[in-house]
Amino acid sequence: MPDYAAPDNATDTTATDAAEAGRPTEVTAAGIARLAGVGRAAVSNWRRRHADFPKPVGGTETSPAFALRDIEQWLRDQGKLAEVPLRERVWQQLVGHPAGAAAALRQAGAVLLLVRDRPSAWRQLRAATDDAELTGVLPAMLDSVLVARLGAEHPVGGLTREALAPSAALVRAAGDLAAVDGADRAYAFLLGRHLDANPRQYTLTPPGPAALMAELAALAGPLGTVLDPACGAGALLTAAQERAAKDAADPAGAPVTLHGQEADPDLAALSALRLALDVPGAEVRVRAADTLRADAFPQLAADAVLVHPPFNERNWGHDELAYDPRWEYGFPARTESELAWVQHALARLRDGGTAVLLMPPAVASRRSGRRIRADLLRRGALRAVIALPAGAAPPNGVPLHLWVLRKPGGGAPPTPQLLVVDTAGPATGSATGPAAGRDKPDWQTVHTTAVEAWQAFDRDGGIEEVPGVRRSLAAIDLLDDDVDLAPARHLPPPAAAGGPAELARVRDRLTATLARTTELTPRPKAGDTLPDLGGAARWPLTTVGELARSGALVLRSGGAGTAPPEGAPAVLTDHDVIAGGAPSGTLPEASASGPAEEPVLVRAGDVVVPVLGGGAIARVVDDATAGAALGRNLTLLRPDPAAVDAWFLAGFLRGTANNRQASSYASTATRLDVRRLQLPRLPLAEQRRYGRRFSDLATFEEALRLASRLGEQLVRGLYDGLTDGSVSPD
């Protein structure tokens, strides 16, 4: 619990307080939907159907903005809102601030730091009833607490009397939110929602890679001083602090100093406030400046440098920095901005310090960087290149690399070695890598594979080779004309399909499966005749929508849900349903702007139908799949067993004519309206008779799929074995 509370005389903060010179706080249709807990379509309906719905006061014709105070009052009058939640009130005041959301977030973050570090001063200030008095005293108090926490050159600017004049309501509401949630959680909510709302403006480092980078750096020794020269929103420095706290006897007093630099002034300020609020025991120094052109920490000798640099940056200072002393390993070409960041990181390390950089894979292979790569190898500075699975971090379609470097001078090995690791195979259970980044990688496996390899290599100077996964190479063996350091170029492939013995087992399984498909091949039976109803087309029909309205089944849509802190279920994706595979997806991590969202979990006997371009597909969930989360573009039908047989339902949903009449067509896709799918009205006993035949067909279909997979595995294994010499042609 926080050591402060909202004062007894705290008043209800509404949007009316935020009005400044006739300009009220504004809210978009999406904000209204969030306030009322409905979808945006409902807001559009309200505008059309209610003549008294507030008129727009700003925005554009396609994205109008409304006065928040008018919207609040209208929602209350309609009985759609008892009271605006405090979090939403603060957020709407922030996004509707006349100076913009980023400036308002700076102000709110500084106030939250004041609330946490100087609660007594805040309580006295909060008691001021006059807005002019509040915003007149606030700048000096904020500057004092910011200097004490972040240093005199902190990047949180723009906190003048004039800038704060329209922010009295925001200031009070932010303080009240801190009293409820705590200052750190309040800021995490506001910052997280701001970042989520502007995904194209910010390139963020996901928690998985950030934690892995901090772990790799920490294995060399305590993280006393850490630098991120392209700190963005502060994810890497936060991960470093969390990792340092694990090694400290008293996590709250972990002796760590965090240095960050960011070219974007707004992002530098937001990052500084995040670190100051998240890690109260750390010394935080963040500066707003271009790192390569105006290094803010030229004398720093850090224990570790963690960097997710901007990729493919042409305007990085090539012309101005030709004689910069940081280019100890060679002057980077204009197209090699990433190698400039590598050398900057090495220049800011103490002797023996470790740097970990998240890099695009092309940096390991481009000819324009081969001379610098060669010198990094010769001098033992570059110690490891670790390939991550696609989807690890933006851009998600590219398998990025981690470069682990060690500044020479701390006992560099006489014969430099390079560790190469490919985590993609272990993370996907395949030697061929991930499936185009469709799902998030298994970060636990990625983390374990990378950390175990680096720990053993750093300790012993070499490592036992695991084909397709890891290997250590002498630097001299890499110094050819290309100096190509991509792990895939140097890792020997694993034995084809496990070697000849495994291929023999695959062949035996294929033979048995083919025999089983012969046994399961369906044939018409003499007793399988239709009831005399004058033809199937004259059956009395009903629709899925009618069954749902009558309570005979429940309809649920997939895609919602985030991973809980522990024990996240696998996700049944549309690809899994179409291919007949096990659940293979992962739930997204919960946003910092709110709690985890509960997913839809499937049960045995549910029927799952793809709604986008899946063809005539319906799958009955079995015991092995039960408990998985329902993925996007899937609809779940949960029949009442006393009214509808699950296999009967799934079988008739797969009819080609049925799918055709229930589908709509766009220029590039077909969408199935599940509610329009039709079923015959049959007694339950007759449903079960059909259900048994549909179940037999599904078993036969699965046997065919298995035979196909085994056949492809055998053919691929034989091709690979014949070409790599592990299988004889005789």
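Residues numbered from 1 in each chain as written. Predicted model: local features only at pLDDT ≥ 70, side-chain atom pairs only at ≥ 80, totals over all residues. Heavy atoms only, no water.

(A) Structural view of the packing of helix 4 (residues 86-95) against helix 9 (residues 168-181). Where helix 4 meets helix 9, the closest approach of the two axes is 10 Å, and the angle between their N-to-C directions is 150 degrees. Classified by the interaxial angle, the pair formed by helix 4 and helix 9 is roughly antiparallel. Crossing of helix 4 over helix 9 shows left-handed handedness. Here helix 4 contributes Leu86, Arg87, Val90, Gln93 and Leu94 to the contact with helix 9, which in turn contributes Ala169, Leu170, Ala173, Ala174, Asp176, Leu177, Val180 and Asp181. For the contact of helix 4 with helix 9, the per-class residue count stands at 9 nonpolar, 1 polar and 3 charged. (Axes fitted to C-alpha atoms, helices over the stretch in contact; angles between N-to-C directions. Helix = DSSP H or I, 4+ residues; strand = E, 2+ residues; numbered from the N terminus. Parallel < 35°, antiparallel > 145°, perpendicular 65-115°, else oblique. Left-handed = near helix turned anticlockwise from the far one by under 90°. Contact = heavy atoms within 4.5 Å. Nonpolar A, V, L, I, M, F, W, Y, C, P; charged D, E, K, R; others polar.)

(B) Looking closely at the sheet that holds strand 12 (residues 470-474). Ordered in space as 6-5-4-7-8-10-9-11-12, the 9 strands form an open sheet in which the pairing is mixed. One side of each edge strand has no neighbouring strand; the edge strands of this open sheet are strand 6 (283-288) and strand 12. Adjacent strand axes in the sheet meet at a mean angle of 15 degrees when their direction is disregarded. Note: strand 4 (residues 225-228) against strand 7 (residues 302-307), 2 bridges, orientation parallel. Bridge assignment links Val226 to a residue of strand 7, and that residue is Ala304. Docked against the sheet, helix 11 (residues 207-218) engages strand 7, strand 8 (349-359), strand 9 (382-387) and strand 10 (401-406), running at close to 160 degrees with respect to strand 8. (Pairing = 2+ DSSP bridges.)

(C) Up close: unusual backbone geometry. In this structure, the amide linkage connecting Pro394 to the following residue, Pro395, adopts the cis form with an omega of -5 degrees. Residue placement: Pro395 occurs in the loop between strand 9 and strand 10. A positive phi angle, close to 55 degrees, is found at Asn312, a residue other than glycine. The topology assignment puts Asn312 in the loop between strand 7 and helix 14 (337-347). Of the residues examined, Asn312 reaches a relative accessible area of 51% and is grouped as exposed. Within the chain, Val483 stands out as a residue other than glycine whose phi angle is a positive 45 degrees. Tracing the backbone shows Val483 in the loop between strand 12 and helix 18 (487-490). (Buried < 20%, exposed > 50% of the residue type's maximum accessible area, 1.4 Å probe, protein only.)

(D) Quick look at the nonpolar core. With 94 residues, the main nonpolar core has Leu146, Leu212, Leu216, Leu306, Leu388 and Leu402 as its most contacted residues. Broken down by element, the residue count for this core peaks at 10 residues, all from helix 5 (residues 101-117). Apart from the residues lying within four places of it in its own chain, the contact partners of Leu146 are Ala110, Leu113, Gly151, His154, Val156, Leu159 and Leu273. Leu321, Leu349, Leu382 and Trp403 belong to the second largest nonpolar core, which has 41 residues in total. (Core = buried A, V, L, I, M, F, W, Y, C linked by side-chain atoms within 4.5 Å.)

(E) Region of interest: the sheet that holds strand 16 (residues 607-610). Taken in spatial order, the 4 strands make up an open sheet running 14-19-16-17, and their pairing is antiparallel. Of all strands in the sheet, those bounded by a partner on one side alone are strand 14 (553-557) and strand 17 (619-620).

(F) Quick look at the pattern of salt bridges. Applying the stated criterion to the full structure yields 34 salt bridges. Linking Arg681 and Glu546 is a salt bridge whose minimum nitrogen-to-oxygen distance equals 3.8 Å. Taken as a pair, Arg681 in the loop between strand 22 (678-680) and helix 24 (684-724) and Glu546 in helix 20 (residues 544-550) lie far apart in primary sequence, 135 residues in all. Its relative accessible area of 34% is what places Glu546 among the partly exposed residues. Salt bridges here are not isolated pairs; linked through shared partners, they connect Arg654, Glu701, Glu702, Arg705 and Arg709. (Salt bridge = Lys/Arg side-chain N within 4 Å of Asp/Glu carboxyl O.)

(G) Looking closely at the pairing of strand 11 (residues 417-422). Within strand 11, 6 of the 6 residues are buried, leaving the element largely enclosed by the surrounding structure. Side chains of strand 11 alternate between two faces, with Gln417, Leu419 and Val421 and Leu418, Val420 and Asp422 buried alike. Sheet topology note: the strand 9/strand 11 ladder contains 4 bridges and is parallel. From the neighbouring strand, Val385 faces strand 11, where its bridge partner is Val420.

(H) Highlighting helix 5. Between the first and last C-alpha of helix 5 there are 24 Å, a value that for 17 residues agrees with the 24 Å anticipated at 1.5 Å per step. Of all the 17 residues making up helix 5, 16 are buried; the element is thus mostly covered by neighbouring parts of the structure. (Expected span 1.5 Å × (residues − 1).)

(I) Focus on the packing of helix 10 (residues 183-197) against helix 13 (residues 265-278). In contact at an axis separation of 9 Å, helix 10 and helix 13 are set at 150 degrees when each is read in the N-to-C sense. Relative to helix 13, the element helix 10 lies roughly antiparallel. Judged by the twist between their axes, the crossing of helix 10 over helix 13 is left-handed. Of the residues in helix 13, those in contact with Ala183, Asp184, Tyr187, Leu191 and His194 of helix 10 are Leu270, Leu273, Arg274, Leu277 and Asp278. Across the contact of helix 10 with helix 13, the residue classes tally to 6 nonpolar, 1 polar and 3 charged.

(J) Layout of the environment of Tyr329. Relative to the helices and strands, Tyr329 resides in the loop between strand 7 and helix 14. By relative accessible area, Tyr329 is classed as buried at 6%. Distance in space between the C-alpha atoms of Tyr329 and Ala340 is 9.7 Å, their sequence separation being 11 residues. Discounting residues that sit within four places of it in the chain, Tyr329 has contacts with Gln343, Leu346, Arg371, Ile372, Asp375, Leu376, Arg379, Ala381 and Pro408.

(K) Inspection of the confidence of the model for the protein chain at higher detail. In this model, the protein chain carries an average pLDDT of 85, and 87% of its residues clear a pLDDT of 70 or more. The low-confidence segment residues 430-439 (pLDDT under 50) makes 17 contacts with residues lying over four places distant or belonging to another chain. (pLDDT = per-residue confidence, 0-100.)

(L) Quick peek at the packing of aromatic side chains. Evaluation of the coordinates by the stated rule reveals 12 aromatic pairs. Summarising the aromatic geometry, the rings of Trp539 and Phe652 are spaced 5.7 Å apart at their centres and angled 70 degrees between planes, so their arrangement reads as edge-to-face. Remark: Phe652 occurs in helix 22 (residues 646-653) and Trp539 occurs in the loop between helix 19 (500-520) and strand 13 (541-543); sequence separation between them is 113 residues. As far as the burial class goes, Trp539 and Phe652 line up, both buried. Ring pairing ties together the aromatic residues Trp539, Phe648, Phe652, Tyr690 and Phe694, which thus form one cluster. For Arg87, the ring lying beneath its charged end belongs to Phe189, and the centroid distance is 4.4 Å. (Phe/Tyr/Trp six-rings, centres within 6.5 Å; stacked < 30°, edge-to-face > 60°. Lys NZ or Arg CZ within 6 Å of the ring centre and 35° of its normal.)

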